[in-house]
Amino acid sequence: MTQTADDGEDTSTVVPLLVPRDGHLQPITDPVVLADWARRLATPGGPVALDAERASGFRYGSRAYLVQLRRADLGTALFDPIALGDLSVLDEPLSRSEWVLHAANQDLPCLAEIGIRPRRLFDTELAGRLAGLPRVGLGPLVEQMLGLGLAKGHGAADWSTRPLPQAWLDYAALDVEVLLELRDAMADLLERQGKTEWAQQEFAAIVAAPPAEPRVDPWRRTSGIHRLHDRRVLAVVRELWLARDALARRRDLAPHRVLPDSAIVAAAQARPSSPADLVALPVFSGRVQRRQATLWWEAIDRALRLPAAQLPTVTLPSDGPPPPGRWSTKDPAAAARLQGVRAALALVAEQGGLPVENLLAPDLVRRLVWSAGTEILSPDAPAGGGGLELTASARRRTVPVLVSVWTPPTGRLRRTGPGRTRRPLTPLTPPTLLTPSTPSTPSTPPTCRGRPIPWSGGWPSGCAPAGPGPGRWR
């Protein structure tokens, strides 16, 4: 058995994994065989490792084209959800087991699309982050914790290919083969670090998290759009993006394979006045794009004919804070709060042996400090799904630190509403300490230069935060 140090560092020779333990497997495409697996999974057993392979960059959307499953007593199975239609027959049997995934948030949406959802979860990637390990990709983590080497090279392949090459299938089978053993090694490491309860809360938060809300104006993510500041030009980008998206969906192709972002931005900047002008542009002069010239021109023409009132705004209205670099001029008090909070959280993270973003999501920190709001730290605040935001363990470690550096605003003005009117913010009290079920002060507070940081009052002499970066002191 591979031996690891307390910090997860591997102390043995890496052994390459070349062939799956169950031999060369083929995807299951027969509903009868699928039903048999459902019956077998309904019997009592241990955790179930799952993984999914997609065709991102090749096909439209992020559907699963292969699903791998392994239970220690049943072995490994590869399922073809395209041939089978869906895997919902497995949902009830799988609901009885803990699921083991790596970077679960990447696979759970596509697994939900084919009818299976976890009730209990262990995420080995998230466990690695909580444990403070330097590399948490599946390959590096398996090497660190188990001393085993996984083959590389097929993760970004076109998994919609049929038939799938045997080398790809072996790669897929090996991924789930190591997950169960990795789960046990990570659970042991978290237990030694005293982070088991915290990890369980984070895993439960992922399971309970609702589906992501549809993105507002997804066309605004077009690469290169940040250089465009004219509303008419942005309207051309929007119409071309929508036309491309509809065509990509019909053809089941990744949108950039239909028309690259660079071509959309180039056409918007050029604003061609006729189809002839359009096909004279470099990308649109090619044989493939000339066949679609009418489609692209109609989109451009729609944008050029839009009334001014229907043109998109240059930026979306936002209730969020401005970029931190502008805080010192917009609100010096908020900038000072952010500096103190970042420095204090960096100390807590260093003491806990994990990245600072695993204590509180950076966006949450910025929103909290800018608004000086208390509601997101209240006992009833929801846990963050995979963002490590507000589980009880995270709150227990972070809220006292926030309070220790808190300086509520007094009379600051903020621009709000469509008319950009200004109204005063009501001064707020510091956030309420912790939940009623947790102690108000952690047993071991963070220290600076050997002295504890108080949960209220000033900083120890020589330990006041200096500068915006974490871990800087004067």
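Since we're looking at a predicted model, the values are computed, not measured. (Residues numbered from 1 in each chain as written. Predicted model: local features only at pLDDT ≥ 70, side-chain atom pairs only at ≥ 80, totals over all residues. Heavy atoms only, no water.)

Asker: Honestly, the packing of helix H10 (residues 231-251) against helix H15 (residues 293-305) in this entry has me stumped. Any pointers?
Answerer: Look at H10 against H15: their axes get within 8 Å of each other, and the N-to-C directions meet at 145°. Of the two elements, H10 crosses H15, and the hand of that crossing is right-handed. Contacts between H10 and H15 involve Arg 232, Ala 235, Val 236, Glu 239, Leu 240, Ala 243, Arg 244 and Leu 247 from the former and Leu 295, Trp 296, Ala 299, Ile 300, Arg 302, Ala 303, Leu 304 and Arg 305 from the latter. Per-class residue counts for the contact of H10 with H15 are eleven nonpolar, no polar and five charged. (Axes fitted to C-alpha atoms, helices over the stretch in contact; angles between N-to-C directions. Helix = DSSP H or I, 4+ residues; strand = E, 2+ residues; numbered from the N terminus. Left-handed = near helix turned anticlockwise from the far one by under 90°. Contact = heavy atoms within 4.5 Å. Nonpolar A, V, L, I, M, F, W, Y, C, P; charged D, E, K, R; others polar.)

Asker: Explain the sheet that holds strand E2 (residues 48-53) to me, please; I cannot follow it from the model alone.
Answerer: Picture the strands of a sheet paired through backbone hydrogen bonds; they go either parallel or antiparallel. Across the sheet, five strands lie side by side as E4-E3-E2-E5-E6; this open sheet has mixed pairing. The open sheet has two edge strands with one neighbour each: strand E4 (75-79) and strand E6 (120-123). In this sheet, adjacent strand axes meet at a mean angle of 25° when their direction is disregarded. In this structure, E2 lies alongside strand E3 (residues 66-71), joined through six bridges in antiparallel fashion. In the sheet register, Ala 52 faces E3, and the bridge partner there is Val 67. Sheet strands touched by helix H7 (residues 166-177): E2, E3 and E4. Its angle to E3, the strand with the most contacts, is close to 40°. Across the sheet, helix H8 (residues 179-192) lies against E2, E3, strand E5 (98-101) and E6, angled at about 95° from E5, the strand it touches most. (Pairing = 2+ DSSP bridges.)

Asker: Would you mind showing me how to read H7 here?
Answerer: Count 3.6 residues to each turn of an α-helix, and residues three or four apart come out pointing the same way. An ideal rise of 1.5 Å per residue puts 16 Å on twelve residues; H7 measures up with 16 Å between its terminal C-alpha atoms. The buried count for H7 comes to ten of twelve residues, which makes it a mostly enclosed element. Every buried residue belonging to H7 is among Trp 168, Leu 169, Asp 170, Tyr 171, Ala 172, Ala 173, Leu 174, Asp 175, Val 176 and Glu 177, and all of these are buried. Against E2, E3, E4, helix H6 (138-146) and H8 lie the buried residues of H7. (Expected span 1.5 Å × (residues − 1). Buried < 20%, exposed > 50% of the residue type's maximum accessible area, 1.4 Å probe, protein only.)

Asker: Help me out: how do you make sense of the confidence of the model for the protein chain in this one?
Answerer: Low pLDDT marks stretches whose predicted atomic positions should not be read closely. Per-residue pLDDT for the protein chain averages 82, and the proportion of residues at 70 or more is 77%. Considering only residues more than four positions removed or in separate chains, one finds that residues 374-389, a stretch of pLDDT under 50, has 54 contacts. Scored below 50 in pLDDT, residues 451-474 shows 67 contacts in the model against residues more than four places distant or in partner chains. (pLDDT = per-residue confidence, 0-100.)

Asker: What should I look at first to understand the environment of Ala 77 in this one?
Answerer: Looking at the element boundaries, Ala 77 is found in strand E4. Under the relative-accessibility criterion, Ala 77 is labelled buried at 3%.

Asker: For this particular structure, what's the right way to read the pattern of salt bridges?
Answerer: This structure, assessed with the given rule, holds 18 salt bridges. For the salt bridge of Arg 71 with Asp 73, the shortest nitrogen-to-oxygen distance reads 2.8 Å. Among the ionic pairs, Asp 184 bridges to Arg 183, the shortest N-O distance being 3.4 Å. (Salt bridge = Lys/Arg side-chain N within 4 Å of Asp/Glu carboxyl O.)

Asker: Could you clarify how one ought to interpret unusual backbone geometry in this entry?
Answerer: The amide bond that connects Arg 162 to the next residue, Pro 163, takes the cis arrangement and shows omega of -5°. Looking at the element boundaries, Pro 163 is found in the loop between strand E7 (148-149) and H7. In this structure, Ala 103 takes a positive phi of about 55° despite not being glycine. Along the polypeptide, Ala 103 turns up in the loop between E5 and helix H4 (104-113). For Arg 271, which is not glycine, the phi torsion reads 45° and is therefore positive. The topology assignment puts Arg 271 in the loop between helix H12 (261-270) and helix H13 (275-279). A residue is classified by how much of its surface remains accessible, and Arg 271, at 38% relative accessible area, is partly exposed.

Asker: Can you help me understand the packing of aromatic side chains in this one?
Answerer: How two aromatic rings sit relative to each other is set out by the distance from centre to centre and by the angle between their planes. The tally for this structure, following the rule as stated, stands at five aromatic pairs. Among the aromatic side chains, those forming a connected cluster through ring pairs are Trp 159, Trp 168 and Tyr 171. Over the ring of Tyr 65 we find Arg 63, and its NZ or CZ is 5.5 Å from the ring centre. (Phe/Tyr/Trp six-rings, centres within 6.5 Å; stacked < 30°, edge-to-face > 60°. Lys NZ or Arg CZ within 6 Å of the ring centre and 35° of its normal.)

Asker: Would you explain the nonpolar core in this entry?
Answerer: One broad rule of soluble globular proteins: the nonpolar side chains tend to lie buried together. Judged by nonpolar contacts, the single largest core of 63 residues is most densely connected at Phe 79 and Met 186. With residues up to four places along the chain from it excluded, the contact list for Met 186 reads Phe 122, Ala 127, Gly 128, Ala 131, Leu 133, Leu 141 and Met 145. Formed by 31 residues, the second largest nonpolar core is a distinct cluster that contains Trp 219, Leu 228, Ala 263 and Ala 303. (Core = buried A, V, L, I, M, F, W, Y, C linked by side-chain atoms within 4.5 Å.)

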